[in-house]
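# Descriptive structure summary
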Amino acid sequence: MVELLLIPAQWEGEIKFTQELKNYLEENNVKSIALFASVQFTELDNLKKEIENLGIKINTTKAKRTNAPLQILGCDSYEDSFEDPIIETSDLILYIGDGMFHPKALLLAQINKEKPKPVLILNPIENKIEEIDQGNIKDQLIRTKRNLRMFVSAQTLGILVTVKPGQQYLNAAKNLKEKLEKEGKKAYIFIDDTINLNQLENYPFIDCWINTACPRIGQDDIVNIPQPMINLREANDPIKALEDLEK
Amino acid sequence: MYKLELDKVIEEIKNRNSKQVLIQLPDGMKQKSNKVIDEIEKSTQAKAFIWFGGCFGACDLPLGTEILKIDLVIQWGHNKFNKEQW
C-alpha cells in the first residue's frame with residue numbers, strides 16, 4: 001500500500017492589505033465581500049481585520065470539496081459548489097492567490113446568472129489587484145451552448161473516463177452509456193490517465209464527447225478543440241443546462 | 001516563497017520508515033524538486049524520485065507506483081479534498 005503525504009505549501013510572505021485594494025473597495029462602494037483563497041493563502045486574519053475596519057462585511061462559506069476555511073479548488077466551478085450562497089449576497093468576490101485557474105472557477109460558477117458578480121484578485125506575491133468579469137469566460141459560454149446543442153442531436157457519443165482516483169467516475173460513465181443507449185443513441189467509453197485532447201481526432205466516428213474527469217476540461221479546454229464536448233453533469237439533463245444558460 | 005516544510009517531510013519519511021519516496025510538485029514548484037530530493041537523500045536512507053508529469057490537485061495522484069515499490073508519495077501544493085459522488 002502506497003502512503004500519501006500532502007504538503008499544502010503555504011505562502012511564507014505577508015499578505016498585505018494594499019492601498020490599491022483599499023482604493024478599489026472605497027471607489028466601488030463595496031459593502032460586502034465573498035472571500036475565497038487558494039490553500040496557500042488561507043491565513044488571512046490581518047487582511048480580514050483591515051477590510052472589516054472599512055465597515056465591509058466579509059462572507060465566507062465552505063466549498064464542498066475543500067477542507068480549509070476560505071479555500072476554493074478549480075473544480076468548485078458550479079453554482080452548487082458552495083455550502084452557502086455568499087456570492088449572491090455579496091457585492092464583490094475577493095480571491096486571494098495567484099494565477100487565473102481558481103478565480104475563473106468563481107466566474108464559471110455564475111455562468112447562468114443574470115447579474116454575475118465580478119471577481120477581484122489580490123495577488124499577494126506581486127501585491128497587485130486585477131478585476132475579472134464574465135467577459136473573461138465569454139468564449140466558454142458560447143462554446144458550451146453550441147456543444148449542448150450538438151450533444152442533443154448527436155447519435156454516437158464518446159464518454160471519457162480517467163483512471164486518476166480523485167477524478168474517476170467509471171460507474172457514472174457506465175450508467176450514462178446505458179441511459180443514452182435506451183434513448184436510441186450509441187455510446188463508447190474511453191479510458192486514459194491524463195486526458196489528452198489531441199487524441200480526439202483519432203475517433204472521427206464520435207459526434208460528441210462527454211467528459212467525466214476534471215470538470216474544467218469540459219468548461220475551459222473546450223474552447224481549444226473543434227470537437228464538441230460537455231461535462232457529465234450536463235449530459236444528464238442537457239435541455240435544462242441549455243435553458244439555464246439562455247435565461 | 002512557498003513553505004516546502006522539509007523538516008516535516010524528513011520526519012515523516014523517518015517515522016514511516018519509507019524506503020522509496022516519490023515526490024510530486026505542481027508546475028510552479030517543480031524547479032525546487034532537486035532541492036527536495038537532495039535534502040531527502042542527505043537526511044534519510046530513502047531513495048527518492050521525482051514525478052515528471054502533471055500535478056493538478058489532490059485528485060491527481062501518480063498511478064502504478066506499487067509496481068515500482070514506491071511506499072510513500074509526497075505531493076506539494078494541495079490538501080485533502082472531498083471527491084464529489086456521482
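Residues numbered from 1 in each chain as written. Chains lettered and ligands numbered in written order. Predicted model: local features only at pLDDT ≥ 70, side-chain atom pairs only at ≥ 80, totals over all residues. Heavy atoms only, no water.

## Overview of the overall build of chain A
Secondary structure assignment for chain A yields 7 helices and 10 strands. Classification of the 247 residues of chain A by burial places 53% in the buried group. Intrachain contacts of chain A at a sequence separation of at least 6 include 73% that bridge at least 24 residues. With the model as given, the accessible surface of chain A reaches about 11,600 Å², and the carbon-plus-sulfur share is 47%. Here chain A contributes 30 positively and 38 negatively charged side chains, and the mean placements of these two sets differ by 5 Å. (Helix = DSSP H or I, 4+ residues; strand = E, 2+ residues; numbered from the N terminus. Buried < 20%, exposed > 50% of the residue type's maximum accessible area, 1.4 Å probe, protein only. Contact = heavy atoms within 4.5 Å. Areas by Shrake-Rupley, 256 points an atom, 1.4 Å probe, with all protein chains shown as cover. Lys, Arg positive; Asp, Glu negative; His and termini not counted. Charge placed at Lys NZ, Arg CZ, Asp CG, Glu CD.)

## Some words on the interface of chain B and chain A
The interface is formed by 34 residues belonging to chain B together with 39 residues belonging to chain A. Interface area for chain B against chain A, summed over the two sides, is near 3,400 Å², with a carbon-plus-sulfur share of 57%. Our enumeration of links across chain B and chain A arrives at 4 salt bridges. The salt bridge involving B:Glu84 is made with A:Arg65; its shortest N-O contact spans 2.6 Å. (Buried area = accessible area lost by both parts, 1.4 Å probe. Salt bridge = Lys/Arg side-chain N within 4 Å of Asp/Glu carboxyl O.)

## Some details on the packing of helix H4 (residues 138-153) of chain A against helix H7 (residues 238-245) of chain A
Residues and elements named next belong to chain A. Two elements in contact, H4 and H7, have axes whose closest approach is 10 Å; the angle formed by their N-to-C orientations is 150°. Judged by the inter-axis angle, H4 sits roughly antiparallel to H7. As H4 packs across H7, the resulting crossing turns out to be left-handed. The residues of H7 that touch H4, namely those facing Leu141, Thr144, Lys145, Leu148, Arg149, Phe151 and Val152, are Pro238, Ile239, Ala241, Leu242 and Leu245. Here the contact of H4 with H7 is composed, by residue class, of 9 nonpolar, 1 polar and 2 charged. (Axes fitted to C-alpha atoms, helices over the stretch in contact; angles between N-to-C directions. Parallel < 35°, antiparallel > 145°, perpendicular 65-115°, else oblique. Left-handed = near helix turned anticlockwise from the far one by under 90°. Nonpolar A, V, L, I, M, F, W, Y, C, P; charged D, E, K, R; others polar.)

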